[in-house]
Amino acid sequence: MDQQPLPSPQPSPLPLPLPLPLEGLTVVAVEQAVAAPFATRQLADLGARVIKVERIDGGDFARGYDTAARGLASHFVWCNRGKESIALDLKDPRGLDVVRRLIAGADVFVQNLAQGAAARLGLDAATLCAAHPRLIAVDISGYGASGPYADKRAYDMLVQCEAGLVSVTGTPARPVKAGIPAADIAAAMYAFSGVLAALVRRGTTGRGGPVEVSMLESLAEWMGHPLHHTMHGGTAPARTGLAHAVIAPYDAYPTADGGRVLLSVQNDREWRRLAEQVLGRPELGTDPAYATNAARVAGRERTDASVAEALGALDADEAMARLEAAGIACARLRDLHEVAEHPQLAARERWREVDSPAGPLRALLPPITLPGGVESRMGAVPALGEHTEALLRAVGMTDEEIAALRRDGVAS
């Protein structure tokens, strides 16, 4: 009997990419500045529909911070891609009614109005969650809903001061604030993670609930190391610029071509390698004035001078190559133009273009990467009120009602 040929193996179908994790969720945000907008942008990037409610007289005031992004404000471009903008006057009951209709169909509501403003409008988390048990309602504030600072105005720089960040940043002669809005970003990221946690809980209980985040408490958490150092050790870490308070060498050193290279020696074995392979002075590896970290810190000026002398004779590329070959942790002190062209970001293809009223703008992919899934949604930066009419129709308004809202300045 003739043997039948075996069937050819069929190629396995390629698995479909996983959808974005927040696909199908709707977020309504009455937001401004950085803290709430940056939080909701994370949600939009991960697939949520984010409806941004803005004032009719200029919208989110971050739209007016600058014109650096081809005529648009750099803060606004950074924090608001992928959202739909509706412009409403919430002081008019008709405008507030539109927001309530939007919230009725939403999964998440986020607000960072001035303390007490949301409650006066009936948009505070407690009120909304009582009316909509599945809703996750996020209140972002400067200092929290209670306590002596509850009604205090809170801007990023002020909270950086109150949280102690400024006290440990800068040089011995002068404290400085961080060059980014650290308090806003901290609150935004805790609001973002709070929403994700509440969504997981809703998946098991069926109930949403309030989420409270304050800028002060968020940034105070980030101050954990210096705060614990001070509370339990008795002394606050010194301000040391780019240097480290208890490690040497750990600083930025100028190179022959005008660059600056940072290096960090974490232990005495690394110091010996640095002395032999980079400084060209192997005797410093065993010299009691240099051989231990305690000795190097005690003689920090002498230590830094030895390192600076050697690196100052090299250009930045050669200095980096020698440090890498010796296994010494190092980095370039890059300006922002150099960051925009960073070879690592380019090699990992982290740049995309997002649309905006000013045309395409470069933007970084968000740092949360989900291999095997759809790439993060990086939608357009909206013009003020760009989606007002579509959203008014979506909540059931007629042409006549929409025309009346526009005529009376309630919507734009």
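Since we're looking at a predicted model, the values are computed, not measured. (Residues numbered from 1 in each chain as written. Predicted model: local features only at pLDDT ≥ 70, side-chain atom pairs only at ≥ 80, totals over all residues. Heavy atoms only, no water.)

Chemist: It is not clear to me how the overall build of the protein should be interpreted in this structure. Could you clarify?
Modeler: When helices and strands are counted, the protein shows 17 helices and 11 strands. Against the 2.2 N^0.38 benchmark of 22 Å for 412 residues, the protein shows a C-alpha radius of gyration of 27 Å, more extended than a compact globule. C-alpha atoms of the protein, sized along the principal axes, occupy 95 × 85 × 45 Å. Taking contacts inside the protein between residues at least 6 apart in sequence as the whole, the part at least 24 apart equals 67%. With an accessible surface of roughly 21,500 Å², the protein has 57% of that area assigned to carbon and sulfur atoms. Between the centroid of the 41 positive side chains of the protein and the centroid of its 49 negative side chains there is a distance of 3 Å. (Helix = DSSP H or I, 4+ residues; strand = E, 2+ residues; numbered from the N terminus. Rg over C-alpha atoms; globule rule 2.2 N^0.38 Å. Contact = heavy atoms within 4.5 Å. Areas by Shrake-Rupley, 256 points an atom, 1.4 Å probe, with all protein chains shown as cover. Lys, Arg positive; Asp, Glu negative; His and termini not counted. Charge placed at Lys NZ, Arg CZ, Asp CG, Glu CD.)

Chemist: Looking at this model, I keep getting lost on the pairing of strand 5 (residues 136–141). Mind explaining?
Modeler: For strand 5, the tally of buried residues reaches 6 of 6 residues, placing the bulk of the element in the interior. Residues I136, V138 and I140 of strand 5 are buried on one face, and the alternating residues A137, D139 and S141, pointing to the opposite face, are buried as well. Looking at chain direction, strand 4 (residues 108–111) and strand 5 are connected through 4 bridges and run parallel. Within strand 5, the residue paired with V108 across the bridge is I136. (Buried < 20%, exposed > 50% of the residue type's maximum accessible area, 1.4 Å probe, protein only. Pairing = 2+ DSSP bridges.)

Chemist: Help me out: how do you make sense of the pairing of strand 10 (residues 351–354) in this one?
Modeler: Regular strands place side chains that alternate from one sheet face to the opposite one. Of the strand pairs in this sheet, strand 10 and strand 11 (residues 361–364) are connected by 4 bridges, and their pairing is antiparallel. Paired with R352 across the two strands is A363, which belongs to strand 11. In sequence, strand 10 turns back onto strand 11 through a hairpin of 6 residues, with G359 there showing a positive phi of about 105 degrees.

Chemist: When you look at the sheet that holds strand 9 (residues 329–332) in this model, what are you seeing that I'm missing?
Modeler: To summarise the sheet geometry, strands pair through backbone hydrogen bonds and adopt either a parallel or an antiparallel arrangement. Spatial strand order, 7-8-9: 3 strands in an open sheet with antiparallel pairing. The open sheet is flanked by strand 7 (250–254) and strand 9, the only strands paired with a single partner. Taken pair by pair, the neighbouring strands of this sheet meet at an average axis angle of 25 degrees, ignoring direction. Where strand 7 lies against strand 8 (residues 260–264), 5 bridges are found, and the strand directions are antiparallel. By the bridge assignment for strand 8, Y250 is matched with S264. (Axes fitted to C-alpha atoms, helices over the stretch in contact; angles between N-to-C directions.)

Chemist: Would you mind going over the side chain of S306 with me for this structure?
Modeler: Mapped onto the fold, S306 is located in helix 12 (residues 300–311). Among the residues examined, S306 registers a relative accessible area of 7% and is labelled buried. A polar contact of 3.2 Å, which involves the side chain of S306, links it to the side chain of Y290. Those residues in contact with S306 that sit more than four places away from it in its chain are L279, R281, L284 and Y290. (Polar contact = N/O pair within 3.5 Å; in protein donor to acceptor, adjacent residues only side chain to side chain.)

Chemist: Help me out: how do you make sense of the pattern of salt bridges in this one?
Modeler: Side chains bearing opposite charge may pair, as long as their charged atoms lie close to each other. Inspection of the entire model under this criterion finds 23 salt bridges. Between D97 and R101 there is a salt bridge, with the nearest N and O atoms lying 3.0 Å from each other. Taken together, the residues D97 and R101, both in helix 3 (residues 93–104) and 4 residues apart, mark about one turn of the helix. Residue classification places D97 among the partly exposed residues on the basis of a relative accessible area of 31%. (Salt bridge = Lys/Arg side-chain N within 4 Å of Asp/Glu carboxyl O.)

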